[in-house]
There are 2 protein chains.
Amino acid sequence: MDVDNALSALNNPMRRRILEWLKDRSNFPPALPEHAGLEGVCVAYIQEKAKLSQSTISTYMGLLKRAGFVIAERHGQWTFYRRNEENIQTFLAAMQDELLKP
Amino acid sequence: MDVDNALSALNNPMRRRILEWLKDRSNFPPALPEHAGLEGVCVAYIQEKAKLSQSTISTYMGLLKRAGFVIAERHGQWTFYRRNEENIQTFLAAMQDELLKP
DNA sequence: TGATAAAATCGAGATATCTCGATATATGGA
DNA sequence: TCCATATATCGAGATATCTCGATTTTATCA
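Reading the values: the criteria
- Sequence order as written defines residue numbering, which begins from 1 separately in each chain.
- Each chain takes a letter, starting from A, and each ligand takes a number, starting from 1, following the order in which they are written.
- For this predicted model, a pLDDT threshold of at least 70 governs which residues receive local features, and a threshold of 80 or more governs which side-chain atom pairs are given and counted, while totals over whole chains, interfaces and linings are taken from all residues.
- Think of the side-chain values as coming from all heavy atoms in the structure, minus any hydrogens and water.
- Only strands joined by at least two bridges in the DSSP assignment are considered to pair.
- A run of H or I in DSSP counts as a helix once it spans at least four residues, and a run of E counts as a strand once it spans at least two, with each numbered from the N terminus.
- The criterion used for residue contact is that any of the two residues' heavy atoms lie within 4.5 Å.
- Note on definitions: buried area is the accessible-area loss of two parts on being combined, 1.4 Å probe, summed for both.
- Salt bridges, as used here, are contacts in which a Lys or Arg side-chain nitrogen is within 4 Å of a carboxyl oxygen on Asp or Glu.
- Contacts described as polar in this section are N or O atom pairs within 3.5 Å, which, within protein, must combine one atom able to donate a hydrogen with one able to accept it, while residues neighboring in sequence count only if both atoms come from side chains.
- Ten residue types, Ala, Val, Leu, Ile, Met, Phe, Trp, Tyr, Cys and Pro, are classed as nonpolar, four, Asp, Glu, Lys and Arg, as charged, and the remainder, Gly among them, as polar.
- Partly exposed residues are those whose accessible area sits between 20% and 50% of the maximum for their type, while under 20% is buried and over 50% is exposed, using a 1.4 Å probe and protein chains only.
- Residues are classed as near a molecule or strand on a simple rule: at least one heavy atom within 4 Å of it.
- To line up the copies, we fit them by least squares on C-alpha atoms, keeping just the residues with pLDDT of at least 70 in both.

- For chain A, the name recorded in an unreviewed UniProt entry is Helix-turn-helix domain-containing protein, with Roseobacter insulae as its organism.

Here it is in structure tokens:
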């Protein structure tokens, strides 16, 4: 968990918004029947909600992934992104330490 | 507490380092006799430790102040900066909410 | 008043981020 | 194999951040 990298990833309102949306799968259209049971949301759904270009969203998800905030899983031609709750906790703890620990 | 503004201020390793240094007054040279009893650290001491230019440090402290992380108090020709612990807590709580609250 | 000292502000060049459209890559289906 | 679809990557222009030296502002002191 590189705090510097993580803060860069979070230093963008839309990327933070995406992380919030991913808290709840029902913020997005229902999964296709063939994806039932799979965790995460595909890039196209995120893009549709964010109203930014496909390439921008792909870049954003890559940043969030490299920072550790999301997990990417490929299923066929789709990539499903979901939150990495463990790393998010780790980041918050690191921030708390850095900002508060004596 | 504007999370966007706060994250921008924190998105710089030296500014975070300064916030850490300010946790403990003894990270800096002792205060001048005429400043005994005053809280905070003057810009020159921070600059000396950070080894960046005076203007850069002044700008940085201004950013940290606008973000709410430090309090500036002028005494004569000196400006003393100290942490705003209450706002730091508020920011951490806001981050926790934004990242974790369902 | 003039000199000095601390801090803030200004202007600018270098570097990074943002966001896009275009293109490349990977996969599944006809 | 060829095509369609989803995603990733590339290249670039616009904008923001970084950091500096120079200047200005504010305050003290002789």
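Having put the structure on the table, let's press on.
**So, the sheet that holds strand S2 (residues 70–75) of chain A**
Strand pairs in the sheet, formed through backbone hydrogen bonds, run parallel or antiparallel to each other.
All names here are of chain A.
Reasoning step 1: If you walk across this open sheet you meet the 3 strands as S1-S3-S2, and the pairing is antiparallel. Looking at which strands have only one partner, the edges of the open sheet turn out to be strand S1 (41–42) and S2.
Reasoning step 2: Here S2 pairs with strand S3 (residues 78–83) via 6 bridges, running antiparallel. In the strand pairing of S3, Ala72 is matched with Tyr81.

**Side note on the interface of chain A and chain B**
Reasoning step 1: Contact with chain A, which involves 25 residues of that partner, is made by 24 residues of chain B.
Reasoning step 2: Both sides together, the interface formed by chain A and chain B hides about 2100 Å², and carbon and sulfur atoms give 58% of it.
Reasoning step 3: Per-residue buried area on chain A facing chain B is highest for Arg16, Glu98 and Leu99 of chain A; these three make up 28% of the total on that side.
Reasoning step 4: Along the contact surface separating chain A from chain B lie 4 salt bridges.
Reasoning step 5: The tally of links from chain A across to chain B stands at 14 residue pairs in polar contact (both at pLDDT 80 or more).
Reasoning step 6: A total of 11 residues in the side of chain A that touches chain B trace back to one element, the largest contributor, which is helix H5 (residues 85–100) of chain A.
Reasoning step 7: By residue class, the composition of the side of chain A that touches chain B is 12 nonpolar, 4 polar and 9 charged.

**Observations regarding helix H2 (residues 13–21) of chain B**
Reasoning step 1: Those residues of H2 of chain B that fall on the buried side of the exposure criterion are Met14, Arg15, Arg16, Ile18, Leu19 and Trp21 of chain B.
Reasoning step 2: If you check the start of H2 of chain B, you find a side-chain oxygen 2.9 Å away from the backbone N of Met14 of chain B, and it comes from Asn12 of chain B.

**Regarding the protein's contact with DNA strand D**
Reasoning step 1: Near DNA strand D you find 21 residues, and of these Ser55 and Gln77 of chain A together with Ser55, Thr56 and Tyr60 of chain B are the closest.
Reasoning step 2: Restricting attention to atoms of DNA strand D within 4 Å of the protein, one finds that 64% of them are sugar or phosphate atoms.
Reasoning step 3: Side-chain polar atom of Thr79 of chain A to a sugar or linking oxygen of DNA strand D: 3.1 Å apart, as the coordinates give it.
Reasoning step 4: For the surface near DNA strand D, the elements supplying multiple residues, two or more each, are helix H3 (43–50), helix H4 (54–67) and S3 of chain A together with helix H4 (54–67) of chain B.
Reasoning step 5: Partitioning the surface near DNA strand D into residue classes produces 7 nonpolar, 12 polar and 2 charged.

**Side note on the side chain of His35 of chain A**
Reasoning step 1: As for its position among the elements, His35 of chain A is in the loop between helix H2 (13–21) and S1.
Reasoning step 2: Aside from chain neighbours lying at most four places away, what touches His35 of chain A is Trp78 and Phe80 of chain A.

**Quick notes on the relation of the copies chain A and chain B**
Reasoning step 1: Screw-axis analysis of chain A against chain B gives a translation of 0.0 Å along the axis, an RMSD of 0.0 Å, and a rotation angle of 180 degrees. Those values place the two copies in the arrangement expected of a two-fold rotation axis.
Reasoning step 2: Taken together, the interface assignments show that 96% of the residues at the interface of chain A recur at the interface of chain B, consistent with an identical surface on both copies.

**Considering the sheet that holds strand S1 (residues 41–42) of chain B**
Residues and elements named next belong to chain B.
Reasoning step 1: Pairing is antiparallel in the open sheet, where 3 strands are placed in the order S1-S3-S2. In this open sheet, the two edge strands, each paired with only one partner strand, are S1 and strand S2 (70–75).
Reasoning step 2: As paired elements, S1 and strand S3 (residues 78–83) share 2 bridges and run antiparallel to each other. Bridge pairing links Val41 to Tyr81 in S3.

**Quick notes on the protein's contact with DNA strand C**
Reasoning step 1: If you check the shell around DNA strand C, you find 20 residues, and the closest are Ser55, Thr56 and Tyr60 of chain A together with Gln54 and Ser55 of chain B.
Reasoning step 2: Here DNA strand C approaches the protein such that, of its atoms within 4 Å, sugar and phosphate make up 61%.
Reasoning step 3: At 3.5 Å from a phosphate oxygen of DNA strand C is found a side-chain nitrogen or oxygen belonging to Asn12 of chain A.
Reasoning step 4: Within the side chain of Gln54 of chain B, one N or O atom sits 2.8 Å away from a base nitrogen of DNA strand C.
Reasoning step 5: Looking at the surface near DNA strand C, the elements with two or more residues in it are H4 of chain A together with helix H3 (43–50), H4 and S3 of chain B.
Reasoning step 6: When the residues that make up the surface near DNA strand C are grouped by side-chain class, the tally is 7 nonpolar, 12 polar and 1 charged.

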